[in-house]
Amino acid sequence: GQQLNQSPQSMFIQEGEDVSMNCTSSSIFNTWLWYKQDPGEGPVLLIALYKAGELTSNGRLTAQFGITRKDSFLNISASIPSDVGIYFCAGPIIQGAQKLVFGQGTRLTINP
Amino acid sequence: NAGVTQTPKFRILKIGQSMTLQCTQDMNHNYMYWYRQDPGMGLKLIYYSVGAGITDKGEVPNGYNVSRSTTEDFPLRLELAAPSQTSVYFCASRSRGADTQYFGPGTRLTVL
């Protein structure tokens, strides 16, 4: 089945640093979604991307839909303590668009 | 709106016991989903439903059953609990035509 691979699996950074993470697939996706999961909570949608090459921002977060449609990137600028959590990419499975496949997540830890 | 609510928040079961994880959404969403999240992993789809009376298997359905008698409720049943079912379970819902799923806070289940 379709799989999403996220990189890196974990990051340890200083407060104020910028963060970059990516998500790749062997298959084409028509939509990319980025979710954040706070400790002990369910995932919450951050950004949705619908078009190849699209660049979308949500505050300090910026995500891009890769031109090949097989990857997506998420950047966080000037990280703050509340950015701690796990970031997941997700995309709808083409043959059954109501189902999402998730990457394994990037765990972000911030040292104050 | 309360969104997606799940009960219980925590549960410990003995091997062979059964239980039902409850999920309710008040957004009138057609689509509902059950995922499990194992430590350090992404979310894997157990079952999903596209509307009342209609359910289908996801990626990891073995050992679970679901029903969807109303639009609001989508309970997940474990008949014979096994240690491999120790996990955090998330319910989610989505409206027709939208890609974004809204998640509940999760149920942390331990089977000993």
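A quick note: this is a predicted structure, and the numbers were derived from the prediction, not measured. (Residues numbered from 1 in each chain as written. Chains lettered and ligands numbered in written order. Predicted model: local features only at pLDDT ≥ 70, side-chain atom pairs only at ≥ 80, totals over all residues. Heavy atoms only, no water.)

## Here we look at the layout of surface pockets
Considering only enclosed or pocket space, the largest pocket measures out at about 660 Å³ in volume. If you go around the largest pocket, you meet 31 residues; those closest to its centre are Q37(A), I86(A), Q37(B), V88(B) and R108(B). For the lining of the largest pocket, the secondary-structure elements that each account for two or more residues are β9 (85-92) and β11 (106-111) of chain A together with β9 (87-94) and β11 (107-111) of chain B. When grouped by side-chain class, the residues that make up the lining of the largest pocket number 10 nonpolar, 15 polar and six charged. (1 Å grid on protein atoms, 1.4 Å probe; cavity = no way out; pocket = protein on both sides within 12 Å on 5 of 7 lines; lining within 4 Å. Points joined across faces, edges and corners; volume = space filled by probe spheres on them. Helix = DSSP H or I, 4+ residues; strand = E, 2+ residues; numbered from the N terminus. Nonpolar A, V, L, I, M, F, W, Y, C, P; charged D, E, K, R; others polar.)

## Quick word on the sheet that holds strand β7 (residues 64-66) of chain B
All names here are of chain B. Ordered in space as β1-β3-β8-β7, the four strands form an open sheet in which the pairing is antiparallel. Each of the sheet's edge strands pairs with one partner strand only, and the pair in question is β1 (4-7) and β7. Averaged over all pairs of adjacent strands, the angle between strand axes in this sheet comes to 20°, irrespective of strand direction. By the bridge criterion, three bridges tie strand β3 (residues 19-25) to strand β8 (residues 76-78) in an arrangement that is antiparallel. Across the sheet, the residue bridging to T20 is R77, located in β8. (Pairing = 2+ DSSP bridges. Axes fitted to C-alpha atoms, helices over the stretch in contact; angles between N-to-C directions.)

## Let's talk about unusual backbone geometry
Note the cis peptide between S7(A) and P8(A), where omega equals -5°. The step from T7(B) to P8(B) runs through a cis peptide bond, and the omega angle for that step is -5°. By the secondary structure assignment, P8(B) is in the loop between β1 and β2 (10-13). In this structure, R69(A) takes a positive phi of about 65° despite not being glycine. Tracing the backbone through its elements, the reader meets R69(A) in the loop between β7 (61-65) and β8 (71-76). Even without a glycine there, the phi angle at N28(B) is positive, about 60°. Considering the arrangement of structural elements, one finds N28(B) in the loop between β3 and β4 (31-37). Here N28(B) falls in the exposed class, since its relative accessible area comes to 59%. (Buried < 20%, exposed > 50% of the residue type's maximum accessible area, 1.4 Å probe, protein only.)

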